[in-house]
Amino acid sequence: MADKAGPHGDGTSLRDTDPCVTESDLRAWFLREVFPYEGVLMQFLHQNWRNQGDIADLRQEVYVRVYEAAQKQIPEHAKTFLLRTAHNLLVDRVRREQIVPIAAVADLDALGVAMDAPGPERSAIAKDMLRRLQTALDRLPPRCREAVVLKQIDGLSRGEIAERMGISQDAVSQYLSKGVTALAEDLYGDLSDLRRGL
Amino acid sequence: MSGPNTTRPVGAQEITDQAADWVERKMHSTWSTADDAALESWLAEAPSHRIAFWRLEGAWGETSRLAALRSPPSLRSRAMSVPRNRLPVSKSLAVAAVIVAFGFAASGYLAARDVTYSTGIGERKTLTLADGSRIELNTSTVLRAGRSGNTRKVWLDKGEAYFRVKHDAAHPFEVVAADQRITDLGTEFNVRTDGGRLRIAVVQGRVRFDGKNGNAHAELLPGDVAVAEASKLSLTRVPVPELATRLSWRSGKLMFHHTPLAQVAAEFNRYNSQKVIVSDEQARTLTINGTFATNDVHAFARIAQSVLGLRVEDQGQEIVISH
């Protein structure tokens, strides 16, 4: 799927000399370097944006901006780039919406210090990921967790899961979809120990 | 995750839901090349689709590492009854390799009783217990969770925590703090310890409070704020929305409303290792309003300087505010 897709945006051709960033490069970069910092991003958004109902949309917009920039060239420091993008987005929003909250957006200078601090090493993230997986799985609602475990750990088919849980195949699908979403939220969005990286 | 009220036509939530459906469909053997094409065209519609899909697919892929590691005990017995040959050998091996590579001890999976959780200065953490109850730990907090008989028991040894309890009459949920006992009767509540003083705020449901040596009892309702100190228990009622403001630490914020500087400084000092000192009496009684990030002492210092016209000296370890 995504692996086969070449860069399809024509806009990228303005910079002929630049190496083309393929979709599969981008995907790998997001999985390896960007999503693991989602906890830090979410913390930043939560602390700097009053309306918590906007957070999911803001996160998406940050990712889209990061994606669009990375299509031209993959930034060297993912975490710094992610936070700077988030900061700029909030500043744009504040301007656009003409709200002037006292502490709407953290001081860029103060943020700059934090962003230059070295983040956790990748091996630490990977190690942490395993522990987060444990927690994330534990946190799923019981039926949802059961479906996820039967699928991912026991390798059962949807029909077998339905039979075992005594529910319809559609219900199994619903549990699995919900499980996938909740797991991502927990794995990437959870602050746990990474918060010290901010 | 409330429904987005934004003007954006398709909110992040909907895109995430759609992406989750794709990931789900793709995990089954019924997935076809036609599905592949349909997915590809959905992905090409917008970068946000692509990102949402990668994110969920990535997370789902990570969980394959967990195979064989553990399923919760209740599920494990069921999983065991699955015919052996269903467990793909290659997957188990891959996981074993991961465990070795990370040197990850199994202990984390076994420790089910009396687990200690703590946060450092400025840290915040959310725990979810096996029963689905959630506990949010505020800065500098130490909490133990365990079980005694049928009772789910939590000891708040230090600091502050917000409890969202899945009520279960057969398994009461009890919080012990400063030798006093708080029993949940279907609830959301906050407990803050401060030396020997205990402050309980009930946001939802009901809570029973039992003082030291059974010398005080009270049933607290939403809006009730109880302060227990030595043998004294005082009770005030606060509108629930205002209570939420007081509990703004849960979103990493401090909110002040005509709050004297001395108190503002004390609040900031709970969250930061750089301490604010308001050195003269006159300045201590000035009041401010505003919302700050718990870790942003400097925003507070700036306001003290620019709005109140006070002198602010950053001495590294301390920020001294004076007239």
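Residues numbered from 1 in each chain as written. Chains lettered and ligands numbered in written order. Predicted model: local features only at pLDDT ≥ 70, side-chain atom pairs only at ≥ 80, totals over all residues.

**Brief notes about the overall build of chain B**
From N to C terminus, chain B includes 10 helices and 17 strands. Across the 323 residues in chain B, those meeting the buried criterion constitute 30%. Summarising the internal contacts of chain B: among those between residues at least 6 apart in sequence, 42% fall at separations of at least 24. (Helix = DSSP H or I, 4+ residues; strand = E, 2+ residues; numbered from the N terminus. Buried ≥ 20, exposed ≤ 12 C-beta atoms within 10 Å, placed from the backbone. Contact = placed C-beta atoms within 7 Å.)

**Observations regarding helix 8 (residues 261-271) of chain B**
All names here are of chain B. Here helix 8 has its buried residues at Leu 261, Val 264, Ala 265, Phe 268 and Tyr 271. The buried side chains of helix 8 occupy one side of the element, clustering within an arc of 115° when seen end-on. Here the buried face of helix 8 lies against strand 13 (253-260), strand 14 (275-278), helix 9 (281-284), strand 15 (287-293), helix 10 (297-306) and strand 17 (318-322). (Arc of directions from axis to C-beta.)

**Describing the environment of His 298 of chain B**
Residue and element names in this part refer to chain B. Within the fold, His 298 resides in helix 10. Residue class for His 298 comes out partly exposed when judged on the 18 C-beta atoms lying within 10 Å of it. Put simply, His 298 and Val 276 are 22 residues apart on the chain and 9.8 Å apart in space, counted from C-alpha to C-alpha.

**Considering the sheet that holds strand 17 of chain B**
Residue and element names in this part refer to chain B. Here three strands make up an open sheet; going across it, the order is 14-17-16 and the pairing mixed. On the outer flanks of this sheet lie strand 14 and strand 16 (311-314), each paired with one strand and no other. Ignoring which end each strand starts from, the neighbouring axes of this sheet average 15° apart. Pairing between strand 16 and strand 17: four bridges, direction antiparallel. Across the sheet, Val 312 pairs through a bridge with Ile 321, a residue of strand 17. In the packing of helix 8 onto the sheet, the strands contacted are strand 14 and strand 17, and the crossing angle to strand 14 comes to about 165°. (Pairing = 2+ DSSP bridges. Axes fitted to C-alpha atoms, helices over the stretch in contact; angles between N-to-C directions.)

**Points about the nonpolar core**
Ranked by size, the top nonpolar core spans 56 residues in total, and within it Leu 41, Leu 82 and Val 180 of chain A together with Leu 56 of chain B carry the most contacts. Here this core takes nine residues from helix 9 (residues 169-189) of chain A, the largest share from any one element. Residues contacting Leu 82 of chain A, with those up to four places away along its chain left out, are Val 34, Tyr 37, Leu 41, Val 62 and Val 66 of chain A. Grouped together as the second largest cluster of nonpolar side chains are 28 residues, Leu 143, Leu 156, Ala 228 and Leu 243 of chain B included. (Core = buried A, V, L, I, M, F, W, Y, C linked by C-beta atoms within 7 Å.)

**Examining the pairing of strand 4 (residues 142-148) of chain B**
Residues and elements named next belong to chain B. The pairing of strand 1 (residues 115-118) with strand 4 spans four bridges and is classified as antiparallel. When the bridges of strand 4 are listed, Val 115 appears paired with Ala 145. Where strand 4 meets strand 5 (residues 151-158), seven bridges bridge the pair, whose relative direction is antiparallel. Bridge pairing in strand 5 links Arg 147 to Arg 152. Between strand 4 and strand 5, which pair antiparallel and follow one another directly, the connecting turn spans two residues, one of which, Gly 149, has a positive phi of 60°.

**Notes on the environment of Ile 55 of chain A**
Residues and elements named next belong to chain A. Structurally, Ile 55 is set in helix 3 (residues 55-72). Put simply, Ile 55 and Met 42 are 13 residues apart on the chain and 7.8 Å apart in space, counted from C-alpha to C-alpha. Ile 55 has contacts with Leu 45, His 46 and Trp 49, leaving out every residue within four places of it along the chain.

**Re unusual backbone geometry**
Residues and elements named next belong to chain B. Residues other than glycine seldom take positive phi values, yet Ser 140 does so here, at roughly 45°. Residue placement: Ser 140 occurs in the loop between strand 3 (134-137) and strand 4. If you check the backbone angles, Ala 178 has positive phi at about 45° while not being a glycine. Secondary-structure assignment places Ala 178 in the loop between strand 7 (173-177) and strand 8 (180-194). Overall, Ala 178 belongs to the partly exposed group, with 19 C-beta atoms counted inside 10 Å.

**Describing the confidence of the model for chain A**
All names here are of chain A. Counting all residues, the mean pLDDT for chain A is 75, and 69% of those residues have values of 70 or more. Within chain A, helix 5 (residues 108-116) has the poorest average pLDDT of any element, 43, and helix 3 the best, 94. Predicted confidence for residues 1-18 stays below pLDDT 50, and this span has 24 contacts to residues more than four positions away or in other chains. Counting contacts from residues 100-118, a segment whose pLDDT is below 50, to residues more than four positions away or on other chains yields 30 contacts. (pLDDT = per-residue confidence, 0-100.)

**Structural notes on the packing of helix 8 (residues 158-165) of chain A against helix 9 of chain A**
All names here are of chain A. Where helix 8 contacts helix 9, the two axes come as close as 8 Å, and the packing angle between them is 100°. Classed by the angle they form, the pair helix 8 and helix 9 counts as roughly perpendicular. Contact residues: helix 8 offers Arg 158, Gly 159, Ile 161, Ala 162 and Met 165, while helix 9 offers Gln 169, Val 172 and Ser 173. Its residues assigned to classes, the contact of helix 8 with helix 9 shows four nonpolar, three polar and one charged. (Parallel < 35°, antiparallel > 145°, perpendicular 65-115°, else oblique. Nonpolar A, V, L, I, M, F, W, Y, C, P; charged D, E, K, R; others polar.)

**What to know about helix 10 of chain B**
Residue and element names in this part refer to chain B. Among the residues making up helix 10, those that are buried are Val 297, Phe 300, Ala 301 and Ala 304. Along the axis of helix 10, the buried positions cluster into a sector of 100°, meaning they face one direction only. Buried-residue contacts for helix 10 involve helix 8, strand 14, strand 15, strand 16 and strand 17.

**Thoughts on the environment of Thr 287 of chain B**
Its location among the elements puts Thr 287 of chain B in strand 15. In the structure, Thr 287 of chain B is positioned 24 residues away from Gln 263 of chain B in sequence and 9.2 Å away in space, judged by C-alpha atoms.

**With respect to the pairing of strand 14 of chain B**
Residue and element names in this part refer to chain B. Every second residue of strand 14 is oriented toward a common face, the buried set being Val 276 and Val 278 and the non-buried set Lys 275 and Ile 277. Taken together, the four bridges between strand 14 and strand 17 define a ladder with parallel strand orientation. Looking at strand 17, one finds that Lys 275 is bridged to Glu 318.

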